[in-house]
Amino acid sequence: MGPVPRTLELFYDVLSPYSWLGFEVLCRYRNIWNINLQLRPSFIGGIMKDSGNKAPALIPRKGQYMANDIKLLRQHVQVPIQFPKDFFFVVLEKGSLSAMRFLTAVNLEHPEMLENVSRELWMRIWSRAAEKAGMSAEQAQGLLEKSSTSKVKNQLRETTEAACRYGAFGLPITVAHVDGQTHMIFGSDRMELLAYLLGEKWMGPVPPAVNARL
Amino acid sequence: MGPVPRTLELFYDVLSPYSWLGFEVLCRYRNIWNINLQLRPSFIGGIMKDSGNKAPALIPRKGQYMANDIKLLRQHVQVPIQFPKDFFFVVLEKGSLSAMRFLTAVNLEHPEMLENVSRELWMRIWSRVSAGLWKSSGRVLDDFLTFPSHIFKVTILPSPGGSTVPVTPLSPHHLPAECSFQDEDITQPQSILAAAEKAGMSAEQAQGLLEKSSTSKVKNQLRETTEAACRYGAFGLPITVAHVDGQTHMIFGSDRMELLAYLLGEKWMGPVPPAVNARL
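Criteria and thresholds
Residues numbered from 1 in each chain as written. Chains lettered and ligands numbered in written order. Predicted model: local features only at pLDDT ≥ 70, side-chain atom pairs only at ≥ 80, totals over all residues. Heavy atoms only, no water. Helix = DSSP H or I, 4+ residues; strand = E, 2+ residues; numbered from the N terminus. Rg over C-alpha atoms; globule rule 2.2 N^0.38 Å. Contact = heavy atoms within 4.5 Å. Areas by Shrake-Rupley, 256 points an atom, 1.4 Å probe, with all protein chains shown as cover. Lys, Arg positive; Asp, Glu negative; His and termini not counted. Charge placed at Lys NZ, Arg CZ, Asp CG, Glu CD. Buried area = accessible area lost by both parts, 1.4 Å probe. Salt bridge = Lys/Arg side-chain N within 4 Å of Asp/Glu carboxyl O. Polar contact = N/O pair within 3.5 Å; in protein donor to acceptor, adjacent residues only side chain to side chain. Buried < 20%, exposed > 50% of the residue type's maximum accessible area, 1.4 Å probe, protein only. 1 Å grid on protein atoms, 1.4 Å probe; cavity = no way out; pocket = protein on both sides within 12 Å on 5 of 7 lines; lining within 4 Å. Points joined across faces, edges and corners; volume = space filled by probe spheres on them. Nonpolar A, V, L, I, M, F, W, Y, C, P; charged D, E, K, R; others polar.

Colleague: Just checking my understanding: could you explain the overall build of chain A for this structure?
Modeller: On a plain count of helices and strands, chain A comes out with 9 helices and 4 strands. The order of helices and strands in chain A, counted from the N terminus, is β-α-β-α-α-α-α-α-α-α-β-β-α. The C-alpha atoms of chain A give 17 Å as radius of gyration, which agrees with the globular expectation for 214 residues (17 Å, within 12%). Overall, chain A is about 45 × 40 × 35 Å in size when its C-alpha atoms are taken along their principal axes. By sequence separation, contacts in chain A at least 24 residues apart represent 73% of the contacts at least 6 residues apart. Carbon and sulfur atoms provide 52% of the accessible area of chain A, an area that totals close to 10,700 Å². Across chain A, 25 positive and 20 negative side-chain charges occur, with their mean positions spaced 4 Å apart.

Colleague: I would appreciate a short explanation of the interface of chain A and chain B in the present structure.
Modeller: Reports of interface size often rely on the accessible area that becomes lost once the parts have come together. Across the boundary between the two partners, chain A contributes 32 residues, which contact 32 residues of chain B. Its largest share of buried area at the contact with chain B, chain A owes to Arg61, Tyr65 and Arg190 of chain A, together 26% of the area lost on that side. The interface formed by chain A and chain B holds 6 salt bridges in total. Between the two partners, chain A and chain B, sit 12 residue pairs in polar contact (both at pLDDT 80 or more).

Colleague: So what exactly am I meant to see when it comes to the side chain of glutamate 9 of chain B here?
Modeller: All names here are of chain B. Turning to its location among the elements, glutamate 9 is positioned in strand 1 (residues 6-12). For glutamate 9, a relative accessible area of 8% translates into the label buried. Contacts of glutamate 9, omitting those with residues within four sequence positions, involve Gln38, Arg40, Tyr232, Ile239, Thr240, Val241 and His243.

Colleague: Is there a simple way to think about empty space enclosed by the protein in this case?
Modeller: Which parts of space are left empty comes out when a probe the size of a water molecule is rolled across the atoms. Tallied over the full model, the rule gives 3 cavities of 30 Å³ or more. A volume near 420 Å³ is recorded for the largest cavity. Asp189 and Glu192 of chain A together with Asp255, Arg256 and Glu258 of chain B are the residues nearest the centre of the largest cavity, which is lined by 26 residues in total. For the lining of the largest cavity, the secondary structure elements donating two or more residues are helix 1 (17-29), helix 3 (60-77) and helix 9 (191-198) of chain A together with helix 1 (17-29), helix 3 (60-77) and helix 11 (257-264) of chain B. Of the residues that constitute the lining of the largest cavity, the class distribution is 16 nonpolar, 4 polar and 6 charged.

Colleague: Can you walk me through unusual backbone geometry in this structure?
Modeller: Backbone phi values are negative for most residues with the exception of glycine, while trans is the configuration of most peptide bonds. Residue proline 172 of chain A is reached from leucine 171 of chain A by a cis peptide bond, and omega for that bond is 0°. Tracing the sequence through the fold places proline 172 of chain A in the loop between helix 8 (150-165) and strand 3 (173-178). The peptide bond linking leucine 237 of chain B to proline 238 of chain B adopts the cis configuration, its omega dihedral lying at 5°. Among the structural elements, proline 238 of chain B can be located in the loop between helix 10 (216-231) and strand 5 (239-244). Positive phi values are uncommon outside glycine, yet glutamine 78 of chain B reaches one of about 55°. Mapped onto the fold, glutamine 78 of chain B is located in the loop between helix 3 and helix 4 (87-94). Among the residues examined, glutamine 78 of chain B registers a relative accessible area of 53% and is labelled exposed. Even without glycine at this site, aspartate 245 of chain B takes up a positive phi of about 50°. Looking at where aspartate 245 of chain B falls in the secondary structure, it is placed in the loop between strand 5 and strand 6 (247-252). Residue classification places aspartate 245 of chain B among the exposed residues on the basis of a relative accessible area of 77%.

In short, geometric facts, not functional conclusions.
See the structure below:
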């Protein structure tokens, strides 16, 4: 048996475009690097409040920068991400509390579906109308009901607090547990540094696919 | 004759640690990629004011994150950068206007020296702890020491001016392993001159440029360069502006060099590419 996989915790919110990019890159590397990727649905609104930070898009030049940045990263990272025209409405008015509670419920009841459902939610906001995530209508309805229970609300709160304790002032954060040390890395543009910390090879945001199964 | 080199403009301020990292990476690639790297000394205070942004370190968790981030990047990018504990004092009280005016003067008169002098100024803030900060703040020595104890040991050197620096005895658990203190900063004229001389400038040359720093010509040039960065959309530094195939791309930060390579159609070999023998 080989060395023990290193645990990576990815704290994310579907409201965060960079969370989607970081998520896709790590999903690609989970079958290449010796890692155990744990997805942690979190609430970015709670992190902003707790850290005293503000959404970058509230500074006009940052919002403009992000729009261009996302356009370039779409090609470079090969993720069908588009900056929605009504971004402010999406971010400031709608928020992500229901979506992240829903994903928390998915993680509690059907964790094997968390990756796909997360991706579909990102697609809704950041790409196009969602396709089916493979969940039946009944399943989805059941989870939607569970989303408003104390159990799920508390779980989302705890996960968000865990991110805050790791020092988060935004999302995504990747927490890597390596050789008895814990490193918190912010953003989707530090994956090469993450590879360095893991002693793994960085092959860009779109590594060659690996046939993981024999 | 080969294809025309693509122009990259690097807007930077020596107060910005990520500017140093971006600068060193681009200096390494200037002999590998088909680029023409143009250094643009800018004033980060002006950019913050104009964009409505604020220094990241003003959010406590961001300041803490930066301190850890710089520690990791030091090894990954191989630049001797250290986060001074009294970062707030460096950023908020001292500022970088004199230093950036000096670099603007260097760029006008001796542009071939701009790279070296910029590097020496970064070294003053980001590579060695300033005992001057400590002295004038009236705080105890161990407030300034964050270095891991297995790496540094404290040795106090007399400051160049001859003033004695009071030493506060340190308890064993505060005593790091080595680090030398010199009376350094970047706002006093003698500090800027010292950096220029370390970069290979003569005392006369350095003095001449220091005098030129306070002329309208130099002040206006720094203002114009800073405004150019703002027009490119800067809300902080460093920014790299790449002119490629008739398009202009502004890239913020030192952690997007792989994306820059992608835009240039060049190969990314990490922050420490193998040295290339550029001359035949």
